[in-house]
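Examining the three-dimensional arrangement
So the chains spell out like this:
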Amino acid sequence: MLSLKVRFPSLITAGLARRPLRLFRPSTLTYPRRLSQYPRPVQVPASRDGLPPLSEWDAGVFNATLLDQNIVPQSIPVPHTPLDTPLRIPTEEPAISTGTIPGTARAITEVYSRVVDRFSSYYDIMNYEPSIPFPSTLDERLKLYTWSNTEDDHFPPHLAQIPSLAQAKEVDPQGARQDSFSSSEIFEASRLLNVRGLISGLIPQSFEDWCDGQPVTLADIEKRNAQLIHQYHLGSIYYKTENIGDKEGAPWYSDEVFAQQHLTGPNPVTIKQAGNWIEKFQSAAQGLGYRQVADHLAGLARTDRQSLYVQDYSDFRKAAGVEPDAALTQSDSKNGSRWNVASVCLFQLHDDGRLHPLGIVIDWHGSMDQSVVIFNKSIMPGRRTIEEEKNDWPWRYAKTCVQSSDWLRHEAGIHLTETHLVEEATIVAAHRAFEPNHAVYRLLQPHWLKTLSVNAAARAILVPDVIVPLSGLSLDQGKRFTQDTYRNFNWTQKYIPADLAARGFPPEDLDKPKFRNYAYARNMIYMWQAIRTFVQSFLKALSPDLENDEHVAQDQQIRSWCLEMQTRGSMSSFPTIQTFNELVDAVTMCIHIAAPQHTAVNYLQEYYQVFVINKPPSLYAAPPASLDELRQYDENKLMAALPINKGAHRQWLLAAHLPHLLNYTVAKDQNLVNCAKSWMHAAVPGVMDEQKVVEAATTFYNTLVQDLAPRFHAHSLSMRPGTIPYDVMDPSKTAVSVLI
């Protein structure tokens, strides 16, 4: 058995502070809550071995150490059978006995970065994402950009790295695949795909800076979190920013902060009006003896239904392909036993902007009678003290279930599928439908930066090695979950004006005090309008004929794009574009998904999810079978459901480190503002109407910088006092594409 301490010393010392990192060990040190007051010293603390902390790996040293530990892809024989023969994935993983959390986290970051770079290099060489553009005809790109076979890898349709035999015949009726892809290209693609297990192989069987079996409380975790944040201010590498676990004002577990995360947290896009859930919760409250809640809901049902909203995860079992009464659970030797729950949470949105949780279904089993349902002891916000909220363990457990459900909805559904994978489908379809000089192709191309290679890396290593092991789903169930999300993605109903109105947030009412805390919606409606105005002006400048609806309806390339999306892209809701306005909306949607939507659902994960107990990816004890059992829950029961026991160290590390992998700061040349500025300088006389292109880009740039940036800042400031600021959608921070 190898030991990271002996064979991999850099993983032990990298990023450690003076003392050994005991992740949850109580300390006599205390720190003030206002962490921004900490000065940054010139001298960075040495590690416990007296070595300076490691901020960047030397490439050669890291390579040598990976080889020493046998943390490398295993060889794959090149098949001489049809090209769609499944690749063999190695199942053996290197055995590392001990390590430290910061050191292992640094190694995971390094390996994942290298995997992404590896895919990026391959996609560059193969001309999927060329760093130097090359001229190509539509026929050439039909051979290069082919669709995956969903039956092979069970992901939604995406770019095939090795075109299947069927697709080769589709392009070449004679099936002469040797003319399209050489054996060396197939060999390189096969080696590229064989990276699964690398991240899992880096995680040791135990951490010497874990809790060592000592008694742990939530207060211990909060204290340890504050210490790690303090080390961040001193220059430590483990935390890259502050997080919700040490926020000022109302604590992270309060009803106020819990509810607000569903308006301005990592997933602000699924909360919707309660509809028939109102009667279900009202009936359950009546039957369970919550008389005050039942009367309150009955009154609202008659006079103010519009104030009641839900986060509804009741479809999880159907989406994952399991029976309605089956447990969403998985167990294996490395990751232990995990449970997902299909929660439903009922909220009331008050006229002053406060969102208040009223009732929670722990895990939906088809009816209220078959499910465990609990209600808040206070039907109005602000009526209970912080101490009362702190010690209401059954209610805190119920909120943890909701947060865990939202982790899966967000990570596998909203983030992975509805931005990364949906955007990839539009990219593949566009490459197969448009000539490079078509106005739609020219406008959309900047918003494809890195997306295809990043997605390929995610399918190869991030989903099987990180997301699935964190959840209570198997890999097959997780893939079915993404397929279900993809199938149910309604393209036109997701247009921001329609989406907000359908979910109970009328765009014309968003400036009312009631919606002051929904900064995501207030920002996004203006961003949508700005992008749409730019798209409309730009398409007119590049191709004035497109303004004619008849010309749009007869444009064969636009028709091909729609057909690719609807058939090979398996998105039946994609419109059959007949008018200029329909074209503008569809192109606006492509940019919306790639830029502001992905930014909104990706770049807040660091703040909200690195403090794992705020939003655990799954539960580590079976949920209660009855309300009576839930009412007996205390702190120990809640702790047992969190990934903090000694056997759950892998889950804690992966859950805390996943946001690090996905939250790199957007580079200055890769944001939406720079894209608009670049178009101002890129107008080519003779190719386009130079003056109109410059005017369109200048108007867009000025809107982003002079209107939206200060407006979004004002929206953040206008939220209720004590609310966590919402600045993720600042145009200068909005990535131009799905690039991470």
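Residues numbered from 1 in each chain as written. Predicted model: local features only at pLDDT ≥ 70, side-chain atom pairs only at ≥ 80, totals over all residues. Heavy atoms only, no water.

**Here's the deal with the overall build of the protein chain**
- Helix and strand counts for the protein chain come out as 30 helices and nine strands.
- Counting only residues that meet the buried cut, the protein chain has 58% of its 740 residues in that class.
- Of all intrachain contacts in the protein chain linking residues separated by at least 6 positions in sequence, the fraction that spans at least 24 positions is 79%.
- When the accessible surface of the protein chain is summed, it comes to about 29,300 Å², and 50% of that surface belongs to carbon and sulfur atoms. (Helix = DSSP H or I, 4+ residues; strand = E, 2+ residues; numbered from the N terminus. Buried < 20%, exposed > 50% of the residue type's maximum accessible area, 1.4 Å probe, protein only. Contact = heavy atoms within 4.5 Å. Areas by Shrake-Rupley, 256 points an atom, 1.4 Å probe, with all protein chains shown as cover.)

**Some words on the sheet that holds strand β9 (residues 373–375)**
- Here five strands make up an open sheet; going across it, the order is β3-β4-β7-β8-β9 and the pairing antiparallel. Edge positions in the sheet fall to β3 (272–273) and β9, since each has one partner strand and no second.
- Contacts from helix α11 (residues 255–264) reach β4 (308–312), β7 (344–349) and β8 (355–361) within the one sheet, and its direction differs from that of β8 by about 90°.
- Across the sheet, helix α16 (residues 393–433) lies against β4, β7, β8 and β9, angled at about 90° from β8, the strand it touches most. (Pairing = 2+ DSSP bridges. Axes fitted to C-alpha atoms, helices over the stretch in contact; angles between N-to-C directions.)

**Some words on the side chain of T270**
- For T270, the position within the fold is in the loop between α11 and β3.
- A polar atom in the side chain of T270 sits 2.8 Å from the side chain of Q311.
- Setting aside residues no more than four positions away along its own chain, T270 makes contact with V310, Q311, D406, R409, I414 and R503. (Polar contact = N/O pair within 3.5 Å; in protein donor to acceptor, adjacent residues only side chain to side chain.)

**Some remarks on the packing of helix α21 (residues 519–542) against helix α24 (residues 580–602)**
- Contact geometry for α21 and α24: axes closest at 8 Å, N-to-C directions at 135°. Taken together, the axes of α21 and α24 lie oblique to each other. Relative to α24, α21 is oriented so that their crossing is right-handed.
- Considered class by class, the residues forming the contact of α21 with α24 number 15 nonpolar, five polar and three charged. (Parallel < 35°, antiparallel > 145°, perpendicular 65-115°, else oblique. Left-handed = near helix turned anticlockwise from the far one by under 90°. Nonpolar A, V, L, I, M, F, W, Y, C, P; charged D, E, K, R; others polar.)

**Considerations on the environment of V111**
- Along the chain, V111 turns up in helix α4 (residues 101–125).
- Each C-alpha atom of the pair V111 and L202 lies 9.0 Å from the other, and the pair is 91 residues apart in sequence.

**Some remarks on α21**
- Here α21 contains 24 residues, and its C-alpha end-to-end distance of 34 Å stays within 8% of the 34 Å for a straight helix at 1.5 Å per residue.
- Taking burial as the measure, the 24 residues of α21 include 18 buried ones, the bulk of the element. (Expected span 1.5 Å × (residues − 1).)

**Thoughts on the packing of aromatic side chains**
- Under the criterion given, the structure shown has 28 aromatic pairs.
- Aromatic pair W277 and W364: ring centres 4.9 Å apart, planes at 75°, arrangement edge-to-face. Linking W277 in helix α12 (residues 277–288) with W364 in the loop between β8 and β9, this pair joins segments that are 87 residues apart in sequence. The two residues W277 and W364 agree in class, both being buried.
- A centroid spacing of 4.8 Å and a plane angle of 70° characterise the contact between Y397 and Y633, whose relative ring orientation is edge-to-face. (Phe/Tyr/Trp six-rings, centres within 6.5 Å; stacked < 30°, edge-to-face > 60°.)

**So, the pattern of salt bridges**
- Summed over the entire model, instances satisfying the criterion amount to 23 salt bridges.
- Note that K615 and D406 form a salt bridge whose closest N and O atoms lie 2.7 Å from each other. Placement of the pair is K615 in the loop between α25 (605–609) and α26 (627–631) and D406 in helix α16, with a sequence separation of 209 residues.
- Exposure remark for D406: the relative accessible area of 2% places this residue in the buried category.
- When the shortest N-O distance is used, the salt bridge between D509 and K512 registers 3.4 Å.
- A single network of salt bridges, built from pairs that share partners, joins D352, R354 and R720. (Salt bridge = Lys/Arg side-chain N within 4 Å of Asp/Glu carboxyl O.)

**Focus on helix α18 (residues 451–470)**
- Here α18 is 20 residues long, yet its end C-alpha atoms lie only 24 Å apart, well below the 28 Å a rise of 1.5 Å per residue gives.
- Helix geometry: α18 is bent most strongly at L462, by close to 60°, with proline P464 lying one to four residues after it.
- Here α18 lies mainly inside the structure; 20 of its 20 residues are buried. (Bend = angle between axes of the 7 residues up to and from the residue.)

**A short note on the nonpolar core**
- Counting 210 residues, the largest nonpolar core has F281, W491, Y520, L539 and W561 as the members making the most contacts within it.
- Counting residues per element, this core draws most heavily on α16, at 19 residues. (Core = buried A, V, L, I, M, F, W, Y, C linked by side-chain atoms within 4.5 Å.)

**Focus on the packing of α4 against helix α28 (residues 649–662)**
- In contact at an axis separation of 10 Å, α4 and α28 are set at 45° when each is read in the N-to-C sense. As the angle between them shows, α4 and α28 are arranged oblique. Here α4 runs over α28; the crossing is right-handed. Between α4 and α28, the residues in contact are I101, T104, A105, I108, T109 and Y112 and L653, L654, H657 and L661, respectively.
- Of the residues that constitute the contact of α4 with α28, the class distribution is seven nonpolar, three polar and no charged.

**Comments concerning the environment of L654**
- Mapped onto the secondary structure, L654 falls in helix α28.
- Taking relative accessible area as the criterion, L654 reaches 4% and is therefore assigned buried.
- For the pair L654 and A105, spaced 549 residues apart in the sequence, the C-alpha separation amounts to 8.4 Å.
- Those residues in contact with L654, other than ones at most four positions away along the chain, are I108, I199, I203, D465, V466 and L470.

**With respect to the confidence of the model for the protein chain**
- On average, the protein chain scores 83 in pLDDT, and the residues at 70 or more come to 79%.
- For the stretch residues 1–46, pLDDT sits under 50, and the model shows 132 contacts to residues farther than four places along the chain or on other chains.
- Confidence drops under a pLDDT of 50 for residues 164–188, and excluding neighbours within four residues, the segment shows 31 contacts in the predicted structure. (pLDDT = per-residue confidence, 0-100.)

**With respect to unusual backbone geometry**
- Of note in this structure, N127 is not a glycine but carries a positive phi near 70°.
- Examined against the element boundaries, N127 turns out to sit in the loop between α4 and α5 (138–144).

**Focus on the environment of L708**
- By the element assignment, L708 lies in helix α30 (residues 690–717).
- With 181 residues separating them along the chain, L708 and M527 place their C-alpha atoms 7.4 Å apart.

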